[in-house]
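Take a look at the letters that make up each chain.
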Amino acid sequence: MDKYFSRIYRNKKVLITGHTGFKGSWLSLWLTELGAKVIGYSLDPPTKPNLFESINLKDKIVHVIGDVRDERHLISAFEKYQPEFVFHLAAQSLVRLSYREPRFTYETNVMGTVNILEAVRKTKSVRVCIIVTSDKCYENREWVYGYREIDPVGGYDPYSSSKGCAELVTASYRRSFFNPENYSKTHHTALSSVRAGNVIGGGDWGEDRIVPDCIKALCKGETIVIRNPLAIRPWQYVLEPLSGYLLLGALMYEDGARYSDAWNFGPGDESIITVEALVKLVIKHWGSGNYTIDTSRHPHEAGFLKLDASKARALLGWKPAYNVYEAIEKTINWYKNFYNNVCKEDLYEYTIREIKGYVNRLSDKYGEKFR
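The paragraphs below set out a description of the structure included in this document. Predicted model only: the values in this text are computed from it and were never measured.

Moving on, we get to the pairing of strand S6 (residues 190-196). Burial of S6 is extensive: 7 of the 7 residues sit out of reach of the surface. Going residue by residue along S6, you find Ala-190, Ser-192, Val-194 and Ala-196 tucked away on one face and Leu-191, Ser-193 and Arg-195 tucked away on the opposite face as well. Crossover connection from strand S5 (residues 128-132) via helix H7 (residues 158-176) to parallel S6: handedness right-handed. Two elements, S6 and strand S10 (residues 262-265), share 4 bridges in a ladder whose sense is parallel. Looking at the pairing, Ser-193 lines up with Ala-262 of S10.

Quick look at the structure:
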């Protein structure tokens, strides 16, 4: 399907934490199509329904149920399967839940990351490790400029703060144990962290996420409730950051010293719109529905957030394929197929076709690197 990625990932052992989640399921599916031997380490799927079970991924990968907070079990999985690539996506990923359960959030997002890095440090087979954090890891000053990789990390709420902490942990391990200056001398492991914008796509039923909230309401004929209509976010289709992770991983495998760093993968300015504008587009593509604004008091959430992905564009050659309008159309069509089977096609095959269509779009726009 994809000559550039396949050349790197075919027959490679790739361990993905959080493989039962929304992004993790898409990444696992893409890697299986590239010929990788995928080992998933995660808790059970977080929602019903979910993408992982909807496309029967369990039968296509090595499926390990485990908690990243359980260091002993995690290291045993590394020892057993000896992965060459590690993509760490497992996380407590909800801002509002982090207010209710801050300890759990920090244990999962900070100590879970420490446990992953310890497992990598103790497993000599690992050539590439990518730690997935969040665009919310930055110390958000609500400015109109996009945050760059050199800007301070921080975070107002426990979730954002925990992702900032995970970035600091990753940077420390990179300097202390996987220093690019010593690559191929004292170690052979490349370590990077990646931050993406607000990801949308089919198969997400997460709690307190605007597109899943819309879908749940629309399926029941209920009114969509918006908490923060004027909040501005960098929306991007789920395959956009995943293509960045895969491209980065391939380049790290070929030249670990050069590409071990922090990286942003965000959309263009045309895809940075308000929550209310997003909801209107969702309703348009669904074909019906309405929304209301809930003005009651809610925990603090950032009003404006934007990523600067110029580094990935310049040094990796990565660029987004879809704008927000195309991303929403693709997303809603996936849900329509799930609920109504409008394409009269198996959901697994439909999802594979979405990946192939995305790769074709990348190659048409940016050349053979992505084919």
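On to the nonpolar core, then. If you look at the biggest cluster of nonpolar residues, it comprises 85 residues, and the most contacted ones within it are Tyr-9, Trp-26, Trp-30, Leu-31, Phe-87 and Leu-316. Formed by 25 residues, the second largest nonpolar core is a distinct cluster that contains Val-64, Tyr-81, Tyr-173 and Phe-178.

Below, the discussion takes up the packing of helix H2 (residues 22-33) against helix H14 (residues 347-366). H14 packs onto H2 with a crossing angle of 75° between their chain directions and a minimal axis gap of 11 Å. Taken together, the axes of H2 and H14 lie roughly perpendicular to each other. Where H2 approaches H14, its residues Trp-26, Leu-29, Trp-30 and Glu-33 are matched on the opposing element by Tyr-348, Thr-351, Ile-352, Glu-354, Ile-355, Lys-356, Tyr-358 and Val-359. The class makeup of the residues in the contact of H2 with H14 is 8 nonpolar, 1 polar and 3 charged.

What counts and what doesn't
Numbers given to residues run from 1 along each chain, matching the order in which its sequence is written. With the structure being a predicted model, the display of local features is reserved for residues of pLDDT at least 70 and the display and counting of side-chain atom pairs for 80 or more, all residues being used for whole-chain, interface and lining totals. Hydrogens and waters are ignored; side-chain quantities use all the structure's heavy atoms. Burial here depends on accessible area, computed with a 1.4 Å probe over protein chains only, as a share of the maximum for the residue type. Under 20% is buried, over 50% is exposed, and the range in between is partly exposed. In this text, helices come from DSSP runs of H or I with a minimum length of four residues, and strands from runs of E with a minimum of two, each type numbered from the N-terminal end. Orient the strands so they point away from the viewer, and a crossover whose first-strand-to-second-strand path over the helix runs clockwise is right-handed. By definition, two strands form a pair when at least two bridges between them are found by DSSP. Among buried residues, those of type Ala, Val, Leu, Ile, Met, Phe, Trp, Tyr and Cys that are joined through side-chain atoms within 4.5 Å constitute a nonpolar core. Each axis is a line fitted through C-alpha atoms, and for a helix only the stretch in contact is used; angles between axes span 0 to 180 degrees, taken between their N-to-C directions. Angle categories: roughly parallel below 35 degrees, roughly antiparallel above 145, roughly perpendicular from 65 to 115, and oblique for all the rest. Contacts between residues were defined by any pair of non-hydrogen atoms, one from each residue, lying within 4.5 Å. Three categories are distinguished: nonpolar for Ala, Val, Leu, Ile, Met, Phe, Trp, Tyr, Cys and Pro, charged for Asp, Glu, Lys and Arg, and polar for the others, with Gly belonging to the last.

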